[in-house]
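Residue-level listing of the chains:
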Protein chains: 2
Amino acid sequence: METDAVSALAGRAAELLSACRSTSTDPADRSAAATDRSGFVPASLPDGVVYAESVDDVVQAVRLAASHGVPLVPRGAGTGLAAASSAGAGEVVLDLSRMNRILDLDPVEQIAVVEPGVLNAELNAAAAGHGLFYAPDPASTAICSIGGNIATNAGGMRCAKYGVTRESVLGLRVVLADGRELRTGRRTIKGVTGYDLTALMIGSEGALGVVVEATLRLRPAPVTTATAAAFFPDVAAAAAAASAVIAARIQPSLLELVDGPTLEAIDLALGTDYRRRGGAFLLGQTDGFGAQAEMDVLAGAVEPFATEVLRADDPVAAEALLAARREAIPSLEKLGRVSIGDIGVPRGRLAEAVTGLQEISERTGVRIFTIAHAADGNLHPMIVVRPGESVTEGPAKTALGEMFHLAKRLGGTLTGEHGVGLLKRDWLRDELGDVSLDVQHAIRRALDPQAILNPGKAI
Amino acid sequence: METDAVSALAGRAAELLSACRSTSTDPADRSAAATDRSGFVPASLPDGVVYAESVDDVVQAVRLAASHGVPLVPRGAGTGLAAASSAGAGEVVLDLSRMNRILDLDPVEQIAVVEPGVLNAELNAAAAGHGLFYAPDPASTAICSIGGNIATNAGGMRCAKYGVTRESVLGLRVVLADGRELRTGRRTIKGVTGYDLTALMIGSEGALGVVVEATLRLRPAPVTTATAAAFFPDVAAAAAAASAVIAARIQPSLLELVDGPTLEAIDLALGTDYRRRGGAFLLGQTDGFGAQAEMDVLAGAVEPFATEVLRADDPVAAEALLAARREAIPSLEKLGRVSIGDIGVPRGRLAEAVTGLQEISERTGVRIFTIAHAADGNLHPMIVVRPGESVTEGPAKTALGEMFHLAKRLGGTLTGEHGVGLLKRDWLRDELGDVSLDVQHAIRRALDPQAILNPGKAI
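Cut-offs and rules
Residues numbered from 1 in each chain as written. Chains lettered and ligands numbered in written order. Predicted model: local features only at pLDDT ≥ 70, side-chain atom pairs only at ≥ 80, totals over all residues. Heavy atoms only, no water. UniProt positions renumbered as here; feature names shortened; annotations may be inferred. Axes fitted to C-alpha atoms, helices over the stretch in contact; angles between N-to-C directions. Helix = DSSP H or I, 4+ residues; strand = E, 2+ residues; numbered from the N terminus. Parallel < 35°, antiparallel > 145°, perpendicular 65-115°, else oblique. Left-handed = near helix turned anticlockwise from the far one by under 90°. Contact = heavy atoms within 4.5 Å. Nonpolar A, V, L, I, M, F, W, Y, C, P; charged D, E, K, R; others polar. Salt bridge = Lys/Arg side-chain N within 4 Å of Asp/Glu carboxyl O. Buried < 20%, exposed > 50% of the residue type's maximum accessible area, 1.4 Å probe, protein only. Least-squares fit on C-alpha atoms with pLDDT ≥ 70 in both. Pairing = 2+ DSSP bridges. Arc of directions from axis to C-beta. Domains from an automatic or database assignment. Buried area = accessible area lost by both parts, 1.4 Å probe. Polar contact = N/O pair within 3.5 Å; in protein donor to acceptor, adjacent residues only side chain to side chain.

You'll find chain A entered in an unreviewed UniProt entry as FAD-linked oxidase, with Arthrobacter mangrovi given as the organism. Annotation of chain A in UniProt includes, under Cofactor (unreviewed entry), the sentence "FAD".

Undergrad: Explain the packing of helix H8 (residues 235-247) of chain A against helix H11 (residues 291-302) of chain A to me, and be specific about the residues and the numbers.
TA: Relative placement of two packed helices is described by the angle separating their axes and the distance separating the axes. Residue and element names in this part refer to chain A. Axis separation between H8 and H11 bottoms out at 8 Å; the angle between their running directions is 140 degrees. The angle between H8 and H11 places the two elements in the oblique class. Once H8 is placed against H11, the crossing between them reads as right-handed. Here Ala-241, Ala-244 and Val-245 of H8 lie close against H11, whose contacting residues are Leu-298, Ala-301 and Val-302. Of the residues in the contact of H8 with H11, the class split is six nonpolar, no polar and no charged.

Undergrad: Provide a residue-level description of the pattern of salt bridges, including the pertinent values.
TA: Within this structure, the stated rule accounts for 62 salt bridges over all chains. A:Arg187 is paired through a salt bridge with A:Asp106; the nearest N and O atoms lie 3.5 Å apart. Note that A:Arg187 is positioned in the loop between strand S9 (181-185) and helix H7 (197-201) and A:Asp106 in strand S5 (residues 102-106), a separation of 81 residues in sequence. A salt bridge links B:Arg21 to B:Glu53; the nearest nitrogen and oxygen atoms lie 3.3 Å apart. Pair noted here: B:Arg21 is in the loop between helix H1 (3-19) and strand S1 (23-24) and B:Glu53 is in the loop between strand S2 (48-51) and helix H3 (55-68), with a separation of 32 residues, a long-range link. For B:Arg21, a relative accessible area of 57% puts it in the exposed group. Judged by its relative accessible area of 33%, B:Glu53 is partly exposed. Several salt bridges share partner residues, and in doing so they unite A:Arg21, A:Glu53, A:Asp57 and A:Arg98 into one network.

Undergrad: Could you give me a rundown of the relation of the copies chain A and chain B, with the residues and numbers involved?
TA: Rotating chain A by 180 degrees about the axis while translating it 0.0 Å along that axis superimposes it on chain B, leaving an RMSD of 0.0 Å. Taken together, the turn and the small shift mark the pair as related by a two-fold rotation axis. Considering only C-alpha atoms, the part of chain A nearest the rotation axis is A:Gly290, at 1.8 Å. The share of interface residues of chain A whose copies in chain B are also at the interface is 100%, consistent with both copies meeting through the same surface.

Undergrad: Summarise the pairing of strand S12 (residues 225-232) of chain A; cite the residues concerned and give the values.
TA: Here is the key point about a regular strand: its side chains alternate between the two faces of the sheet. Residue and element names in this part refer to chain A. Across the eight residues that make up S12, a large majority, seven, are buried. Sheet analysis places S12 next to strand S14 (residues 280-287), joined by eight bridges and oriented antiparallel. Its bridge partner lying in S14, Phe-231 is registered against Phe-281. Summarising the sheet, S12 and strand S15 (residues 308-312) pair through five bridges and their orientation is antiparallel. Across the sheet, Phe-231 pairs through a bridge with Glu-308, a residue of S15.

Undergrad: Tell me what's going on with helix H4 (residues 120-128) of chain A, and back it up with residues and numbers.
TA: Within H4(A), the full set of buried residues consists of A:Asn120, A:Leu123, A:Asn124 and A:Ala127. Across the axial projection of H4(A), the buried residues extend over an arc of 100 degrees, all falling on one side.

Undergrad: Give me the lowdown on the UniProt feature "domain: FAD-binding PCMH-type" (unreviewed entry) in chain A, citing residues and values where you can.
TA: As annotated by UniProt and renumbered to match this structure, "domain: FAD-binding PCMH-type" (unreviewed entry) occupies residues 42-221 of chain A. Across residues 42-221 of chain A, helical content stands at 22% and strand content at 25%; the span's end C-alpha atoms are separated by 41 Å.

Undergrad: I'd like to hear about the sheet that holds strand S17 (residues 367-373) of chain A, residue by residue, with values.
TA: Residue and element names in this part refer to chain A. Reading across the sheet, the seven strands line up as S15-S12-S14-S13-S17-S18-S16 and stay open at both edges, with antiparallel pairing between neighbours. Sheet topology places S15 and strand S16 (337-340) at the edges, where each strand pairs with a single neighbour. Each neighbouring strand pair of the sheet contributes to a mean axis angle of 15 degrees, computed without reference to strand direction. The pairing of S17 with strand S18 (residues 378-385) spans seven bridges and is antiparallel. Along S18, the bridge assignment pairs Phe-369 with Met-382. Of the strands in this sheet, S12, strand S13 (254-259) and S14 are in contact with H8, which crosses S13 at around 170 degrees. Against the sheet, helix H15 (residues 394-409) touches S17 and S18, its axis set at about 170 degrees to S18.

Undergrad: Could you give an account of the environment of B:Asp106, with specific residues and numbers?
TA: Along the chain, B:Asp106 and B:Asp95 lie eleven residues apart, while their C-alpha atoms are 28 Å from each other. Residues contacting B:Asp106, with those up to four places away along its chain left out, are B:Ile111 and B:Arg187.

Undergrad: I'd like a rundown of the domain arrangement of chain A, residues and numbers included.
TA: Residues and elements named next belong to chain A. By domain assignment, chain A separates into domain 1 (3-95), domain 2 (102-220) and domain 3 (225-409). In this structure, domain 2 and domain 3 have C-alpha centres spaced 27 Å apart. Across the contact, eight residues belong to domain 2 and 13 residues belong to domain 3. Buried area between domain 2 and domain 3, summed over both chains or domains, comes out near 830 Å², and the portion from carbon and sulfur atoms is 57%. Per-residue buried area on domain 2 facing domain 3 is highest for Met-157, Ala-160 and Lys-161; these three make up 71% of the total on that side. At the surface where domain 2 touches domain 3, the tally comes to three residue pairs in polar contact (both at pLDDT 80 or more).

See below:
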């Protein structure tokens, strides 16, 4: 942009900020709102932050952005992993974290209506009081917002059985790029009036509208849960065991794989001895009225590949087995800066995927630690670099690109649940093709012709 | 339209038809392709029918339609219930029923790739050979096509547990209104690259593109299924029992309600004695490793409302209980012309819905028979008129309108799984509102600016 254009934009952004009720141009606040947990470092700071406390605040900010031609970057809790809420000079951040009320929780209909800033774990705590739960459970559940979950179509461990965010959202209230309010979906379980605008909004990274309210489906807490874990000689054996679980035609409620290097990192952080016990770890749960019988089948499928199979007979023992998986990311974060990859592959090709990731690590010299939502074929290869090194440039970027090509070669995808943001745009056309991208841009133009909302993200 | 314009359009349609490989302008073929099973009678016949046998045939037909400005009406098996594939003068039908190959069935990945003309029951038969099933099961399973299921986001009995068509479609190959080929989605379970064009296409009634191939998710056949049925003094008691099942926090694989008048019609057709045994009937199934234990809870929830509870101990007994539900529509069709309504309400308000339907019947003098997918709150109130009477005009239309307003008053929807087509457009704006309809038209214009594909349907 020319210098004149930049300063004109800065002037218009300043006008927008001065017209809104609760804002900040403090460098500390702008810095806090400039990026997410992807490791992406923006080259500049956004011009300011609008803190929305109501739908009217959002409408006002969006209308001002449209009339002033100022790009607006919606932001939830900032826990994204694809730089989808990163913002820079000339942009204003629309922070939705103060819209954090649970507006309704109907235990009979098993429905909650929430504002976008409600944290995933807060909703789950409220639902648990009624014997219900909200299925999507990203690893960041304690700190991520429902609005962000919707913007990225977030998954988690439980989507093995219960589906991703899309399967738990019945309806949305959205502020469009021109400030109009759109309601999508409904409170009923089924409904087919008109196009599926709810699904269109989910995963669109805030580029088609700002979600200001969501009607969510809750589910009954399972009557029984069974848990088992197993150690394997190596990660390929663990991946083969996971594929065998799928081939055994059961429905685990979670099936999580942790590779040897990650076990080592957990041992280092926690003083455990996982790595000594095996070169990879697989954790399975089943739930429902037949959880124990289903777990028998799961354990039977895993056994031929395993060196050790552990069954948990009570919730405390189960929680101990879950700890290894839960501590994976925090343990890696003690080793350096972490960039969490997110490829998806067909479920029968997990072993090829983990072997391919090892080869990429050897070829690029980048350290890769892998965990996976194995029942969905969704792998999180995590690159760890030393402080000061970039996770989005240089060898790390080369490795990210190779991961994508590996996924593509196996019939998979660039991103299973984290989204595209700024981080993965380079490979998007290669996966989607020209026609798909054209259609997506046409839809974007139809809804936001001025490109006001989160420009440059998602597509 | 002016007479000159009509004849010019007819001339262009004739050109299109003469350029395509397999077509018909025979009045019998045009009549057969003019409407669906909704009871809607078009005022005129389409100009002709193109029978596509390949993707290339579809591309050619769509390109010619675009270049000649001739509206094209995609058609599957013609079993729709909302007049979404009805066609009249100046329109050409694009019949996809000959594209009926199962291209791939991967029992390891539990995925099928099919052409749109494959019948729902054919796919299920093929999947059953591998111990798998395709979840969406409209009552018309034996005669409806997967393409039509996708165009309407079809449901059925099993979606109580397994979701509607949207939850079973991983990816699509679509011919756009300009003849370009679009691929959406993927073969992996999860994936979030770009906007969810797969969901956008599902339920769009052929107005955003012509589905020429679908990648579908199959599921393992349940290891055990448990079945029970119960009779009740009246339909309100049966509806209250269904709500009690939901409140009991279990997950039936199906939960079907049949009201007294429908039982009477079944008795008349089959010589059974259902109506003598009760004023309404509820059928429940549970499946999976804990099916029997879950059924105990279901039966316990139903019992306080019922006059008689029957458990089926083997598949033959279960099939006998299912017969009452399966025979409902065929039995009504012996009484006259049937128009199948499709409202959805919150699951706790089923009793109010069935009571409201009885009041509508009394007020309008129209005979209404009700069955319901009770676990989803999806009711099918069926209007039966004498031969020669219209099911889409006069008192029947008044009753349809009142059904919609009843659903709306209860916080529900105009259509749970059949779609809008031509039949329900009058009430669409009332449910969706101006902004939603504007957005939908904007998307439609972005994808099909000439309004070539199925104009006037869905939105």
